[in-house]
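# Analysis of the macromolecular model
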Amino acid sequence: MLLRIARKEFCDISRDGRFRGSAAIVALLLVTATALGWQSWQEIRREHDRAQAEAREHFDDQGEKNPHAAAHYGLYLFKPKPPLSFVDPGVDPYTGVSVYLEAHRRNEVGNRPARDATALQRFGELTAAAVLQVLMPLLIVFLAFPAVAGEREQGTLRQVMSLGVRPSALVAGKALGLTLALALIAVPALAMGVGVLIMAGPESARTWPHALALGTGYAVYLGIFLAASLAVSALARSSRVALIVLLGFWIVNAMVAPRLATDLARRAVPTPSAFQFAEAIRSDIKAGIDGHDPEDARLERLKRETLAKHNVETVEELPINFQGVALQAGEEYGNAVFDRHYGALWKAFSGQDSLRQWLGFAFPTLAIRDLSMALAGTDNARAHDFAESAEAYRRDLVKALNRDLEVNGADLGFMYQAGPELWKSMPVFRYRPPSLGATLESLRLAWWSLLLWLIATTGLVRLSTRALRVD
Amino acid sequence: MLEARSLTKTYNGFTALDSLDLTVGEGEIFCLLGANGAGKTTTINLFLNFIAPTSGSVTIRGLDVVANPLETKRYVAYIPETVMLYKNLTGLENLAYFAALAGHDSYSTAELRGFLEQSGLPNEAAERRVGTYSKGMRQKVGIAIALAKHAESLLLDEPTSGLDPKASNEFANLLRTLRDRGVAVLMATHDLFHAKETGTRVGIMKRGRMVASLETDEVGHADLERIYLQHMHD
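Everything numeric in this text was worked out from a predicted model, so none of it was measured. (Residues numbered from 1 in each chain as written. Chains lettered and ligands numbered in written order. Predicted model: local features only at pLDDT ≥ 70, side-chain atom pairs only at ≥ 80, totals over all residues.)

## Here we look at the overall build of chain A
Inclusion rule: Helix and strand assignments follow DSSP, with helices taken as H or I runs no shorter than four residues and strands as E runs no shorter than two, numbered in order from the N terminus. Counting other C-beta atoms within 10 Å of a residue's own tells you its class, since 20 or more makes it buried, 12 or fewer makes it exposed, and anything in between is partly exposed; those C-beta atoms are placed from the backbone. Contacts are defined on C-beta atoms placed from the backbone: any two residues whose C-beta positions lie within 7 Å are in contact.
Across its full length, chain A carries 21 helices and two strands. The buried share of chain A, reckoned over its 471 residues, is 37%. Counting only contacts in chain A whose residues sit at least 6 apart along the sequence, the fraction spanning at least 24 positions is 83%.

The structure is reproduced here in structure tokens:
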């Protein structure tokens, strides 16, 4: 019975010109978005790989110079673009993709395409994630709003119910038929995505579990819209009312909630402007964290302590290079300042993120956004993780160079020079993204809100079919 | 087969049906006559359990329809004033779907065509989408559904209103054939002439009450019309 109803529903809908038109458009958009996303992923990855290798080459080819000068020369690092970013580029355009490492300074991750783009781009970017999060639900609403209400108005519901069909079987059959029709839209893009992951080689092998989790998340999300549409269609006074209610639900989720969440988060947990932030760090380093320990005083104290430690009277008598010690001490003081300020900043950001996650219980679209970006590896948490990992590498690199100056440059002061062997012996940066387990763990709230929405909406469907009105 | 006992339905104080007693046995065609709002459609809706009775009982084959909403529907077929079909499907597909929902999923295409033929639907129309059908053709698909269901009783709600005389006549002939097979028919209608011609009994309804019930054999056309009008004028 269920299959028979599903088959008729699928057959009926697939002969509808409006469905064919809109399905073709959405399927085309989805395929285009996937193809474009994939192409740009490949391009960007190739560029990053080349730029990263070049930056390292330049670093290695510096020739003879003081190690501290080499630390100033610096190195560019690039945030590896995860394979699934072709589905969802996430916040990458806003948080940046590359960072310049150098002595004394912790630079922001930069190179943010969104900074150069007009506000129009916010709406205009075609991504598979946007199609799945915004357009597919709209299509579901348009397909499903007349499912019960429309049949009620046409009078076919009376006849179907006069045959002794169980209302729950009717609605379940419709849900299945609609699901089939919708799956048909997703099939071309899905096949393309799978093909792309297969072709991408070993790097993508690691992302299969992520892709599976991502697919599950989107299936649940779209299931919520389908169930809500069927329930509203069964409960509404007329199909017009059903359409208005469902469009309202869609607008609130797809249009209002994301902006609302961003503004609310910004108000609830304010973050300093980039200028204020940099200024606070600069003054803390110059005047000391408590404001009463200026740089010169710290240097003087370090000198006294170092001389006392080695039991000598002057810097020249030291068995080590004092410049190396002083530079590293300055570095470490700076690092403590960075930790303080960045710690507070990240805390604010994660406060904003968790506020948004809680709002996901009110708006499922927020939950899927979080889930999608996190599994694609393009969310705020990943940007944070990369920034921290790059900073840790910067500290190791600068420390190793200062150490060389301290140990080997004993009597030469700033005249000491090291060569390419030293540059080449510096560690190579490899970013290790967090494991799937850790990512899923951080998405607990998003999963729960999607699951609760699914349970609530399917529960509403059951409730609405218990006493289905025929007219 | 079809039985109503002191059946009453009120909506917010308005009495749509007032203690109706009615029995339609095998091979009987009971015609409910009356103006709009007399309670004819309410009676049929109660038999289909689309609405719940305020008091009294409705049974089909001795089974209470409120207690057995799914089972009692297996024995009846319902044809409304305009049979509504899925316009994107052909007549044949519509019939196959409705028959399957009624529990008859195993008909071959030839058998389904046979039902449409018996109902008088032109052969070429069976493969056309229903969107192009006239009202008469839809009614014929409705009859084919009833035939395919092998229903023991029919609930008809003004099935011939708006049909041309020829189609109306064909419909009456089909009803007679079904009656002869022992089907019990309850039909709401405005058509005194056909009620007299095809019905075995007629009940005249007014403001929710059945004010008269007669055997059609015992009255002539003119008598029936006179009695009907008399009741309407009171």
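## Focus on the overall build of chain B
Condition: Radius of gyration: C-alpha atoms only; globule rule: 2.2 Å multiplied by the number of residues to the exponent 0.38.
A tally of regular secondary structure across chain B gives eight helices and 10 strands. Taken against the 2.2 N^0.38 rule, which gives 17 Å for 234 residues, the C-alpha radius of gyration of chain B at 18 Å falls within 12% of a compact globule. Dimensions of chain B, computed from the C-alpha atoms along their principal axes, are close to 50 × 40 × 30 Å. The buried share of chain B, taken over its 234 residues, is 46%.

## Remarks on the sheet that holds strand β10 (residues 209-215) of chain B
The strands that make up a sheet are held in pairs by hydrogen bonds between backbone atoms, and each pair lies either parallel or antiparallel. All names here are of chain B. The following threshold applies: Pairing between strands requires that DSSP locate at least two bridges from one strand to the other. Here the axes come from fitting lines to C-alpha atoms, over the contacting stretch only for helices, and the angles between their N-to-C directions go from 0 to 180 degrees.
Spatial ordering of the open sheet is given by β6-β7-β8-β3-β9-β10, a layout of six strands whose pairing is mixed. The open sheet terminates on both sides in strands that have one partner only, identified here as β6 (76-79) and β10. Averaged over neighbouring strand pairs, the angle between their axes works out to 15° when direction is ignored. Across four bridges, β6 lies against strand β7 (residues 153-157) in parallel orientation. Paired with Val76 across the bridge in β7 is Ser153. Of the strands in this sheet, β3 (29-34), β7, β8 (184-189) and β9 (201-206) are in contact with helix α1 (residues 40-47), which crosses β7 at around 145°. Contacting β3, β9 and β10, helix α8 (residues 221-233) crosses the sheet at an angle of about 20° to β9.

## Examining the packing of helix α8 (residues 146-154) of chain A against helix α12 (residues 208-235) of chain A
Residues and elements named next belong to chain A. Which entries qualify depends on this criterion: Any angle from 65 to 115 degrees is called roughly perpendicular, while one under 35 is roughly parallel, one over 145 is roughly antiparallel, and all others are oblique. All amino acids are sorted into three groups, where Ala, Val, Leu, Ile, Met, Phe, Trp, Tyr, Cys and Pro are nonpolar, Asp, Glu, Lys and Arg are charged, and the leftover types, Gly among them, are polar.
At their nearest, the axes of α8 and α12 sit 6 Å apart, and the two run at 25° to each other. In terms of axis orientation, α8 runs roughly parallel to α12. Side by side, α8 and α12 meet where Pro146, Ala147, Val148 and Ala149 of the first sit next to Leu230, Ser233 and Ala234 of the second. For the contact of α8 with α12, the per-class residue count stands at six nonpolar, one polar and no charged.

## Notes on the domain arrangement of chain B
The parts lose accessible area when they come together, and the size of an interface is often stated as this lost area. Residues and elements named next belong to chain B. The line we're drawing: Throughout, the edges of the domains are those of an automatic or database domain assignment.
Segmenting chain B into domains produces domain 1 (1-24 + 39-70), domain 2 (74-190) and domain 3 (200-234). On a C-alpha basis, the centres of domain 1 and domain 2 stand 24 Å from each other. Tallying the contact residues gives 10 residues for domain 1 and 11 residues for domain 2. With four residues, the top contributor of residues to the side of domain 1 that touches domain 2 is α1. Classifying every residue of the side of domain 1 that touches domain 2 by side-chain character gives seven nonpolar, one polar and two charged.

## Observations regarding the interface of chain B and chain A
Every contact between the two is made by 18 residues of chain B and, on the other side, 19 residues of chain A. When residues of the side of chain B that touches chain A are traced back to their parent elements, those giving at least two are α2 (69-73) and α3 (91-101) of chain B. Per-element accounting of the side of chain B that touches chain A gives the leading share, four residues, to α3(B).

## Observations regarding the pairing of β3(B)
Residues and elements named next belong to chain B. Most of β3 sits out of view: six of its six residues are buried. Residue alternation in β3 divides its side chains into two sets, Ile29, Cys31 and Leu33 and Phe30, Leu32 and Gly34, and both sets are buried. With five bridges connecting them, β3 and β8 associate as parallel partners. From the neighbouring strand, Phe30 faces β8, where its bridge partner is Leu186. Bridging between β3 and β9 involves five bridges; their strand directions are parallel. What sits directly across from Gly34, in β9, is Met205.

## Focus on the environment of B:Glu3
Residues and elements named next belong to chain B. Positionally, Glu3 belongs in strand β1 (residues 2-11). Residues Glu3 and Asp21 lie 18 residues apart in sequence; the distance between their C-alpha atoms is 7.6 Å. Beyond its immediate chain neighbours, meaning those up to four positions away, Glu3 contacts Leu22, Thr23 and Thr59.

## Concerning the sheet that holds strand β4 (residues 55-60) of chain B
Residues and elements named next belong to chain B. The strand order across the open sheet built from four strands is β2-β1-β4-β5, with neighbouring strands paired in antiparallel fashion. Looking at strand neighbours, the two that pair on one side only are β2 (14-24) and β5 (63-64), the edges of this open sheet. The pairing of β4 with β5 spans two bridges and is antiparallel. Bridging across to β5, Thr59 finds its partner in Asp64. Running at roughly 115° to β1, α1 makes contact with β1, β2 and β4 of the sheet.

## Some thoughts on the environment of A:Phe78
All names here are of chain A. Along the chain, the position of Phe78 falls in strand β1 (residues 75-78). You can call Phe78 buried: it has 23 C-beta atoms within 10 Å. Expressed as a C-alpha distance, the spacing of Phe78 and Asp379, which sit 301 residues apart in the sequence, is 16 Å. Among all residues touching Phe78, those that are not within four sequence positions of it are His48, Ala51, Gln52, Val97 and Ser98.

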